[in-house]
Amino acid sequence: MKSPTSSFGCYSVEKQRPSSVIKTEFEKGYIQARERFTRDRCVFVVAFPHLKITEKDAFEAHFESVRQSGIFEWTNTKESKTYQVRYKEIPTFKISKDASMLYETLLTLEEV
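Residues numbered from 1 in each chain as written. Predicted model: local features only at pLDDT ≥ 70, side-chain atom pairs only at ≥ 80, totals over all residues. Heavy atoms only, no water.

### Quick word on the packing of aromatic side chains
The geometry of two aromatic rings is summed up by the distance between their centres and the angle between their planes. The full count for this structure, using the stated rule, is six aromatic pairs. Centroid distance Phe44 to Tyr83: 4.7 Å. Interplanar angle 50°. Geometry classified as tilted. Taken together, the residues Phe44 in strand β4 (residues 43-51) and Tyr83 in strand β6 (residues 81-87) connect sequence positions 39 residues apart. Accessibility classification places Phe44 together with Tyr83 in one group, the buried group. Aromatic rings pair up to connect Phe44, Trp74 and Tyr83 into one cluster. The aromatic ring of Phe93 is capped on one face by Lys56, whose charged end is 5.9 Å from the ring centroid. In this structure, Lys56 packs its charged tip against the face of Tyr103, placed 5.0 Å from the ring centre. (Phe/Tyr/Trp six-rings, centres within 6.5 Å; stacked < 30°, edge-to-face > 60°. Helix = DSSP H or I, 4+ residues; strand = E, 2+ residues; numbered from the N terminus. Buried < 20%, exposed > 50% of the residue type's maximum accessible area, 1.4 Å probe, protein only. Lys NZ or Arg CZ within 6 Å of the ring centre and 35° of its normal.)

### A few points about the pattern of salt bridges
The final tally for this structure, using the stated rule, is five salt bridges. Among the salt bridges present, the one from Lys15 reaches Glu79, with a minimum N-O distance of 3.2 Å. In this pair, Lys15 sits in strand β1 (residues 12-16) while Glu79 sits in the loop between β5 (72-76) and β6, placing the two residues 64 residues apart along the sequence. Exposure remark for Lys15: the relative accessible area of 34% places this residue in the partly exposed category. Note that Lys94 is salt-bridged to Glu104, the shortest N-O span being 3.9 Å. Remark: Glu104 occurs in strand β8 (residues 103-111) and Lys94 occurs in strand β7 (residues 93-95); sequence separation between them is 10 residues. (Salt bridge = Lys/Arg side-chain N within 4 Å of Asp/Glu carboxyl O.)

The following block contains the structure:
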């Protein structure tokens, strides 16, 4: 299943890489650090500042169908690369400040 898109495109994509280091602090202040033996999973924060009502409804329907456990394909338009992701947070929609009848949202997606 692919994610919906907007006719205006996305405004920004922020790619975050979580730390792959596990740190343990000891009583006397010593810190032991080691690399995790799992692959790094990126988190993407995608901004859509101008969504039509039909596009907002499509995003809401998509979230309702996959929730936060379903995996779907999402294409990062800035890199032209497709990722397998899931919703990390529940998307919220609010009316855009720039124009009435348009909505804005931030989607937080995590790579699986």
